[in-house]
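Residues per chain, in single letters:
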Amino acid sequence: MSDIIRTRFAPSPTGFMHVGNLRTALYEYLIAKSMGGTFVLRIEDTDQERKVEGAVDIIYNTLRKAGLQHDEGPDIGGEYGPYVQSERKNMYLPYAKQLIDNDKAYYCFCTKERLDMLRENSDEPGAGYDRHCRDLPKEEVERLLAEGTPYVIRQKMPLSGTTTFEDAVFGSISVENAELQDQILIKADGYPTYNFANVIDDHTMNITHVVRGCEYLSSTPKYNLLYEAFGWEIPTYIHLPLIMGKNDDGTISKLSKRHGATGFEDLVAQGYLPEAIVNYIALLGWCPKDNREIFTLQELAENFSVDGISKSPAVFDYNKLEWFNGEYIKAMTDEQLAEVAEPYFRQAIKTKPLDFVKIAAILRQRTTVLSQIPEKIAFFEEQPDYDKELFVNKKSKTNLENSAVMLKEAISALQALSEWNHDTIHDCLMELAAHLEVKNGTVMWPVRIAASGMTVTPGGAVEILDILGREESLDRLNKGLAKLS
RNA sequence: GGCCCGGUGGUCAAGCGGCUAAGACACCGCCCUUUCACGGCGGUAACACGGGUUCGAUUCCCGUCCGGGUCACCA
């Protein structure tokens, strides 16, 4: 079983799940699942200064809602635990020391202040560490260590030559070693840096495919040098194109909060369905062979392949997300929509015992975001004060006079109904139109206006009367008639 | 600024030497219709630029330009 694919999602608990991170997790999940592999969750909390309460729960919740169930992780265990980096803290130092023994790393006693000064005094924007401690005499190192001088451990980069690596998406990439800084491996607080912990953990957890955002492309040579220094097998790299956002001035930059809701939870709170979000972001940077668009998570896993991943960054398009969301809503049953949208129904319908399933039925074809719902159905709870001019409609051939006639006729016809349901109301009004020899709209328009008080409503006159019920309906129609008299 | 990566309609994108350069979203019309939607039909709109290579470049190479990423004791 040693050749099984293993991917990992390694978020740091910042208290916020950006859709970019979620997409990375999604691809990691899909790559693993499409090849029958294992998807691992690892929490990267090596930055003790940035700890956020409850942040880990947000990660669990997001993955669960998105359906990205991990096979191993802090909460469910696995044979490569622990899965939280802070709990692995003492695993890293021995590896760093091994590197020192092999002359691939060294102790550095430079203070933060000296480093800051170095940066300030340089006019080169990208100037880095001057490698001051790289060649300290052994005795000097021993002495400083014995004195308890604070230190970090730095990687000893080759001063010349080039490092080349293969990326499954971007192909072969080469970098001059002289460009590489002697990066810190172990911080003064004893914790490993992200880069170092990553390499150690990925190797010890047997991760075969390292999937991450493009922003790591330029630091990958450093990773490789580490793998080589240890004599470890280099994993397959899969770097993902970034997700961008469009700014007000038309420019484009990495998607961030100023572009709107970019957190998974924010989008859900706005009325986007997790399934729709997942479906949309799957297509941001990946395209299936057949160009299909609607996929369940299961279907994505069946169709995913790395060669469909794009190289160029993708702009997050709320329009398209909304379209996806609308498609998912349309695909639901009335009962399902009534259930998932119940909180939104309750925002608008507070006192009346209305049938949410019936309301869901008329909402389903015309809702793209759940949060639109309260506004759309508020008139059921309380009819707005409307202007009688609403009765005038050219297309339906209605005016103030004939609207009054239509309402009067409709009221008496509806009053005579023994059963009050969609079909009886429908037949009643259609027969009325035929009987009066007017087009359907001439009857329907005034009835709908009087029943709702709005020109635009979800559903037509029949549906609204049905949902409102006999008593409330006739009451509203009578009030409408009074308005016209 | 150095280094790395990218560049097909407004957006997501197919294309992998020869096509009238797909499709989707958005937008605009028309139809359907008891409003709005939904649905159906149609339309506007793209290979950044300049050199090569080739019988032939959107596709391969180089340069320019543009965009992005990265250069922390952050992850």
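See the structure printed just above.
Let me sum up the structure you'll find in this document. Everything quoted here is computed from the prediction, not taken from an experiment.

## Examining the packing of helix α1 (residues 19–34) against helix α9 (residues 274–282)
In a packed pair of helices, the relevant descriptors are the angle between the two axes and the axis-to-axis distance.
Reasoning step 1: Here α1 crosses α9 at 80°, and the two axes come no closer than 10 Å. Regarding the angle of α1 to α9, the classification is roughly perpendicular. Facing α1, whose interface residues are Val19, Leu22, Arg23, Leu26 and Tyr27, α9 presents Ile277, Val278, Ile281 and Ala282.
Reasoning step 2: In terms of residue class, the contact of α1 with α9 is made up of eight nonpolar, no polar and one charged.

## Structural notes on the sheet that holds strand β3 (residues 105–108)
Reasoning step 1: Pairing within the open sheet is antiparallel, and its three strands lie in the order β3-β4-β7. Looking at the sheet topology across the chains shown, the edges are occupied by β3 and β7 (184–186). Pairs of neighbouring strands in the sheet enclose a mean axial angle of 40°, with direction left out of account.
Reasoning step 2: Taken together, the four bridges between β3 and strand β4 (residues 152–155) define a ladder with antiparallel strand orientation. Across the sheet, Tyr107 pairs through a bridge with Ile153, a residue of β4.
Reasoning step 3: Contacts between helix α3 (residues 89–101) and the sheet are confined to β3, β4 and β7, with β3 contributing the most and set at about 110° to the helix.

## Notes on the packing of aromatic side chains
Reasoning step 1: For the coordinates displayed, the defined rule picks out 20 aromatic pairs.
Reasoning step 2: Each ring, one from Phe109 and one from Tyr151, has its centre 6.3 Å from the other, and the planes form 65°; the classification is edge-to-face. With Phe109 in the loop between β3 and α4 (112–121) and Tyr151 in the loop between α5 (138–146) and β4, this residue pair connects regions lying 42 residues apart in the sequence.
Reasoning step 3: Residue classification places Phe109 among the buried residues on the basis of a relative accessible area of 10%.
Reasoning step 4: Residues Trp323 and Phe324 carry aromatic rings whose centres are separated by 5.1 Å and whose planes lie at 70° to one another, so their mutual orientation is edge-to-face.
Reasoning step 5: Here the aromatic cluster, defined as three or more aromatic residues joined through ring pairs, consists of Tyr280, Phe316, Tyr318, Trp323 and Phe324.
Reasoning step 6: Above the plane of the ring of Tyr27 lies Arg23, whose end atom (NZ or CZ) is 5.2 Å from the centre.
Reasoning step 7: The cationic tip of Arg212 hangs over the ring face of Tyr223; the distance from NZ or CZ to the ring centre is 4.3 Å.

## What to know about the pairing of strand β9 (residues 236–240)
Reasoning step 1: With four of its five residues buried, β9 lies for the most part within the structure.
Reasoning step 2: In the sheet, strand β8 (residues 209–213) pairs with β9 via five bridges, with the strands oriented parallel. Residue pairing for β9: Val210 is matched across the bridge by Tyr237.
Reasoning step 3: Between β8 and its parallel partner β9, the chain crosses via helix α7 (residues 220–230), and the hand of that crossover is right-handed.

## A look at the protein's contact with RNA strand B
Reasoning step 1: Close contacts around RNA strand B come from 64 residues, with Lys187, Asn291, Glu293, Gln365 and Arg366 the closest.
Reasoning step 2: Here a phosphate oxygen of RNA strand B sits 3.2 Å away from a polar atom, N or O, in the main chain of Tyr194.
Reasoning step 3: Ser218 places a side-chain nitrogen or oxygen 3.3 Å from a sugar or linking oxygen of RNA strand B.
Reasoning step 4: Ranked by the residues each element gives to the surface near RNA strand B, the list is headed by helix α18 (residues 440–452), at five residues.
Reasoning step 5: Residues of the surface near RNA strand B, tallied by class, amount to 26 nonpolar, 20 polar and 18 charged.

## Some thoughts on the side chain of Thr220
Reasoning step 1: Mapped onto the elements of the fold, Thr220 is located in helix α7.
Reasoning step 2: Note on Thr220: relative accessible area 0%, which makes it buried.
Reasoning step 3: Polar side-chain contacts of Thr220 include one of 2.8 Å to the backbone oxygen of Tyr216.
Reasoning step 4: Separated by 3.3 Å, the side chains of Thr220 and His239 make a polar contact.
Reasoning step 5: For Thr220, the residues in contact, after removing those within four places along its chain, are Phe165, Arg212, Tyr237 and His239.

About the criteria used
- Residues numbered from 1 in each chain as written.
- Chains lettered and ligands numbered in written order.
- Predicted model: local features only at pLDDT ≥ 70, side-chain atom pairs only at ≥ 80, totals over all residues.
- Heavy atoms only, no water.
- Axes fitted to C-alpha atoms, helices over the stretch in contact; angles between N-to-C directions.
- Helix = DSSP H or I, 4+ residues; strand = E, 2+ residues; numbered from the N terminus.
- Parallel < 35°, antiparallel > 145°, perpendicular 65-115°, else oblique.
- Contact = heavy atoms within 4.5 Å.
- Nonpolar A, V, L, I, M, F, W, Y, C, P; charged D, E, K, R; others polar.
- Pairing = 2+ DSSP bridges.
- Phe/Tyr/Trp six-rings, centres within 6.5 Å; stacked < 30°, edge-to-face > 60°.
- Buried < 20%, exposed > 50% of the residue type's maximum accessible area, 1.4 Å probe, protein only.
- Lys NZ or Arg CZ within 6 Å of the ring centre and 35° of its normal.
- Right-handed = clockwise from strand over helix to strand, strands pointing away.
- Near = heavy atom within 4 Å.
- Polar contact = N/O pair within 3.5 Å; in protein donor to acceptor, adjacent residues only side chain to side chain.

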